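# A closer look at the structure
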Amino acid sequence: MKASQLILLDHFVDHHPGLFRKKLRVDPDIFDVILDQISDHPIFSSASHNHQLPIAIQLAIFLNCAGHYGNAISPEDVAQWAGVSVGSVINCTNHVMVAVLDQHDDFIQFPALDSQDAENARSYVEAHVCPEWWNGFLAADGSAFGLYAKPGLHGETFFDRKSNYSLNCQVNHFCIFFR
């Protein structure tokens, strides 16, 4: 038996925006901006007699899935929360992903090297990192490196979400250079 909890999102927008953010991992205003950006995408149009869920619901389902990982979420959990089938969760996720990826170049851009944004990034980097890294401003999270055994000192702090002892590495990679 499924009872949709999606109706609660409208209540959260007005009375508990923190709960909205907790469930969908975006502010209500950002949700509306994303919805406006993807609503005209042809993936949401269908000549079929089987109508799609409203785009706002598809986006909410997608954001719920995308904002959680591991054993915190599954298609079955989302289906129960949204009051839809598992197949609908998968379809909604795929539809929204197609619409968002088609707008990649509109959302992901590097600033021109002579722009104010690049200057702001350059100033920030020079103020916050070692001189060897001053020629760029991009950083990427790295991977977990597995450890042979539990470290002797504070060993439990090295236990990761995948039930292994590991070190998480962050690698700074600067591919845009200022000259």
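In this report, we go over the structure that sits alongside the text. What you see is a predicted model; the values in this text were computed from it and never measured.

### A few points about the pattern of salt bridges
Per the stated rule, a full pass over the model turns up two salt bridges. Ionic pairing is found between R21 and D27, a salt bridge with its closest N-O pair at 3.0 Å. The partner of E119 in a salt bridge is R122, and the shortest N-O contact between them spans 2.9 Å. In this pair, E119 and R122 both sit in helix α8 (residues 116–128), three residues apart, roughly one turn of the helix. You can call E119 partly exposed: its relative accessible area is 33%. Assessed through its relative accessible area of 17%, R122 is described here as buried.

### Some words on helix α4 (residues 55–66)
Helix length check: α4, at twelve residues, gives a terminal C-alpha distance of 16 Å against a target of 16 Å (1.5 Å per residue), a fit within 8%. Regarding α4, the residues found buried are I55, Q58, L59, A60, I61, F62, L63 and N64. Buried residues along α4 sit in contact with α1 (7–15), α2 (17–24), α3 (28–38), α5 (75–82) and α6 (86–101).

### Things to note about the environment of F158
Within the fold, F158 resides in the loop between β1 (140–146) and β2 (166–171). Sequence-wise, F158 and L147 are eleven residues apart; in three dimensions their C-alpha atoms are separated by 8.7 Å. Those residues in contact with F158 that sit more than four places away from it in its chain are L147, P151, L153, N164, Y165, S166 and L167.

### What about the nonpolar core?
Of all hydrophobic cores here, the largest spans 26 residues; its most connected members are L9, L24, F31, L59, I61 and W81. For this core, the secondary-structure elements that each account for two or more residues are α1, α2, α3, α4, α5 and α6. No other element matches the six residues that α4 contributes to this core. With residues near it in sequence (within four places) discarded, L59 still touches F31, I34, L35, I38 and V96.

The rules behind the values
- Every chain is numbered on its own, with residues counted from 1 as its sequence reads.
- Note on the predicted model: pLDDT of at least 70 is required for a residue's local features to be given, and 80 or more for side-chain atom pairs to be given and counted; whole-chain, interface and lining totals, by contrast, use all residues.
- To obtain the side-chain values, all non-hydrogen atoms of the structure were used and water was disregarded.
- Within this document, salt bridges are pairs made up of a side-chain nitrogen of Lys or Arg and a carboxyl oxygen of Asp or Glu, the two lying within 4 Å of each other.
- Elements are defined by DSSP. Helices are runs of H or I of four residues or more, strands are runs of E of two residues or more, and each kind is numbered from the N terminus.
- Whether a residue is buried, partly exposed or exposed follows from its accessible area with a 1.4 Å probe, protein chains only, as a fraction of its type maximum: under 20%, in between, or over 50%, in that order.
- How far a helix is expected to stretch is found by multiplying one less than its residue total by 1.5 Å.
- Note on contacts: a residue pair qualifies if any of its non-hydrogen atoms lie within 4.5 Å across the two residues.
- What we call a nonpolar core is a set of buried Ala, Val, Leu, Ile, Met, Phe, Trp, Tyr and Cys residues that are connected through their side-chain atoms within 4.5 Å.

Keep in mind these values describe shape, not function.
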